[in-house]
Amino acid sequence: MCGRVTIQTPALAIAREFALTGIRTALERPRYNLAPTQLMPVVINDGARMLDAFRWGLIPSWAKEASIGNKLINARGETVAEKPSFRSALKRRRCLVLVDGWFEWKQSTKPKTPYLFRRKDGRPMAFAGLWEEWNAPDTGELLRTCTVITTGPNQLMAPIHDRMPVILPPQAQEVWLRPEPQEATVLQPLLVPNEDEPLEAWEVGRVVNSPTNDVPACVERVASQATLLS
């Protein structure tokens with residue numbers, strides 16, 4: 001499960017980091033606790049390599065109601081090629097979801113303990129994602145939505161949770177953004193835990209538990225330095 005992320009890097013810096021050609025849509029402010037149904041920075045595989053922002057929670061084009069997106073914030077990498085909600089998007093509509101970090105809650109503690117995961121150098125990461133366009137049948141409103149693909153945990157993640165986002169290294173990003181339809185046999189080998197990315201994690205305060213709290217305190221390390229994982 002990946003259900004909260006941070007995006008503190010400005011749009012221009014994200015564009016430079018990922019060698020993008022421009023910005024279509026940018027977030028208006030830093031996000032310290034971005035939640036599903038809100039806009040996520042993405043780069044879709046349309047060949048333009050532009051920064052955009054899509055609503056988090058995939059709504060397939062055939063869906064009758066937008067509420068299905070609330071259940072499709074993640075797609076499991078192991079089954080994404082088989083599920084009706086995702087298989088067409090995997091073949092034709094892939095994206096990078098660009099974030100600074102993500103939160104996960106340690107399940108074995110009561111109450112659950114939140115942790116922030118990020119790169120050691122603080123630079124943004126590219127999650128493997130899928131995107132769709134959906135027209136509301138009653139109003140005709142066009143919604144552009146996305147989901148984050150998850151996989152099993154790497155060594156850093158395993159003590160906290162049994163799932164993590166797929167973090168794509170640069171070479172895999174290029175494959176993922178190919179505009180042409182791609183077969184699952186090409187894509188699924190990319191959907192694995194990233195052991196090479198220099199990541200770290202630390203315990204954060206429970207202020208992050210509520211998605212209405214989107215403040216710097218959400219990413220601050222709790223007082224004990226012993227909570228740092230790397």
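Just above sits the structure.
Since the structure is predicted, the reported quantities are computational estimates derived from the model, not experimental observations.

Q: Residue-level account of the overall build of the chain, with values.
A: When you go through the chain residue by residue, the secondary structure sums to four helices and 13 strands. With the principal axes as the frame, the chain shows a C-alpha extent of 50 × 35 × 35 Å. Counting only contacts in the chain whose residues sit at least 6 apart along the sequence, the fraction spanning at least 24 positions is 68%. When the accessible surface of the chain is totalled, it reaches about 10600 Å², and 52% of it is carbon and sulfur. Side-chain charges of the chain comprise 28 positive and 25 negative groups, with the mean position of each set lying 3 Å from the other.

Q: Talk me through the sheet that holds strand E1 (residues 5-7); I want residue IDs and the actual numbers.
A: Adjacent strands of a sheet pair through backbone hydrogen bonds, lying either parallel or antiparallel. Taken in spatial order, the five strands make up an open sheet running E3-E1-E8-E9-E13, and their pairing is antiparallel. In this open sheet, the two edge strands, each paired with only one partner strand, are strand E3 (31-34) and strand E13 (199-203). Adjacent strand axes in the sheet meet at a mean angle of 25°, parallel and antiparallel pairs treated alike. With two bridges joining them, E1 and strand E8 (residues 101-106) adopt antiparallel strand pairing. The partner of Thr6 across the bridge, within E8, is Gly101.

Q: Talk me through the state of the cysteines; I want residue IDs and the actual numbers.
A: This structure, assessed with the given rule, holds zero disulfides. Between Cys2, a free cysteine, and Cys146, which holds the nearest cysteine sulfur, the sulfur-to-sulfur gap is 11 Å. On the basis of relative accessibility, which here comes to 0%, the residue Cys2 falls in the buried class. The thiol sulfur of Cys218 is not disulfide-bonded, and the nearest other cysteine sulfur, from Cys2, lies at 15 Å.

Q: For the pairing of strand E5 (residues 50-56), give the residues involved together with the corresponding values.
A: Extensive coverage of E5 is indicated by the burial of six of its seven residues. Judged from the two bridges that link them, strand E2 (residues 22-23) and E5 form a sheet pairing that is parallel. Residue Ile23 lies in a different strand from E5, and its bridge partner there is Leu51. Pairing geometry for strand E4 (residues 39-44) and E5, over four bridges, is antiparallel. Bridge assignment links Pro41 to a residue of E5, and that residue is Ala53. Counting the residues between successive antiparallel strands, the hairpin from E4 to E5 contains five residues, one of them, Gly47, with a positive phi of roughly 90°. Judged from the two bridges that link them, E5 and strand E11 (residues 142-151) form a sheet pairing that is parallel. Each residue of the ladder has a partner; that of Arg55, found in E11, is Thr145.

Q: So what's going on with the layout of surface pockets? Which residues, and what values?
A: If you add up the space inside the largest pocket, you get close to 200 Å³. Forming the walls of the largest pocket are 15 residues, and the residues nearest its centre are Phe18, Arg119, Leu168, Pro170 and Gln173. Of all the elements, helix H3 (residues 170-176) adds the most residues to the lining of the largest pocket, at three residues. Split into classes, the residues belonging to the lining of the largest pocket amount to nine nonpolar, one polar and five charged. The space that makes up the second largest pocket amounts to roughly 170 Å³. What lines the second largest pocket is a set of 13 residues, among which Met1, Asn74, Ala75, Arg76 and Thr150 lie closest to the centre. Classifying every residue of the lining of the second largest pocket by side-chain character gives five nonpolar, four polar and four charged.

Q: For the pattern of salt bridges, give the residues involved together with the corresponding values.
A: When the charged atoms of two side chains lie near each other, side chains of opposite charge can form a pair. Tallied over the entire structure, the rule returns 13 salt bridges. The salt bridge involving Arg29 is made with Asp214; its shortest N-O contact spans 2.9 Å. In this pair, Arg29 sits in the loop between E2 and E3 while Asp214 sits in the segment after E13, placing the two residues 185 residues apart along the sequence. Relative accessible area serves as the criterion here: at 45%, Arg29 is assigned to the partly exposed category. Classification of Asp214 as buried rests on a relative accessible area of 14%. With its nearest N and O atoms 3.0 Å apart, the salt bridge here joins Glu132 to Arg93. Linking Glu132 in strand E10 (residues 125-135) with Arg93 in the loop between helix H2 (87-92) and strand E7 (94-99), this pair joins segments that are 39 residues apart in sequence. You'll find Glu132 and Arg93 in the same group, each marked buried. Residues joined in a network through salt bridges with shared partners are Glu17, Arg119, Asp121 and Arg123.

How each quantity is defined
Residues numbered from 1 in each chain as written. Predicted model: local features only at pLDDT ≥ 70, side-chain atom pairs only at ≥ 80, totals over all residues. Heavy atoms only, no water. Helix = DSSP H or I, 4+ residues; strand = E, 2+ residues; numbered from the N terminus. Contact = heavy atoms within 4.5 Å. Areas by Shrake-Rupley, 256 points an atom, 1.4 Å probe, with all protein chains shown as cover. Lys, Arg positive; Asp, Glu negative; His and termini not counted. Charge placed at Lys NZ, Arg CZ, Asp CG, Glu CD. Pairing = 2+ DSSP bridges. Axes fitted to C-alpha atoms, helices over the stretch in contact; angles between N-to-C directions. Disulfide = S-S within 2.5 Å. Buried < 20%, exposed > 50% of the residue type's maximum accessible area, 1.4 Å probe, protein only. 1 Å grid on protein atoms, 1.4 Å probe; cavity = no way out; pocket = protein on both sides within 12 Å on 5 of 7 lines; lining within 4 Å. Points joined across faces, edges and corners; volume = space filled by probe spheres on them. Nonpolar A, V, L, I, M, F, W, Y, C, P; charged D, E, K, R; others polar. Salt bridge = Lys/Arg side-chain N within 4 Å of Asp/Glu carboxyl O.

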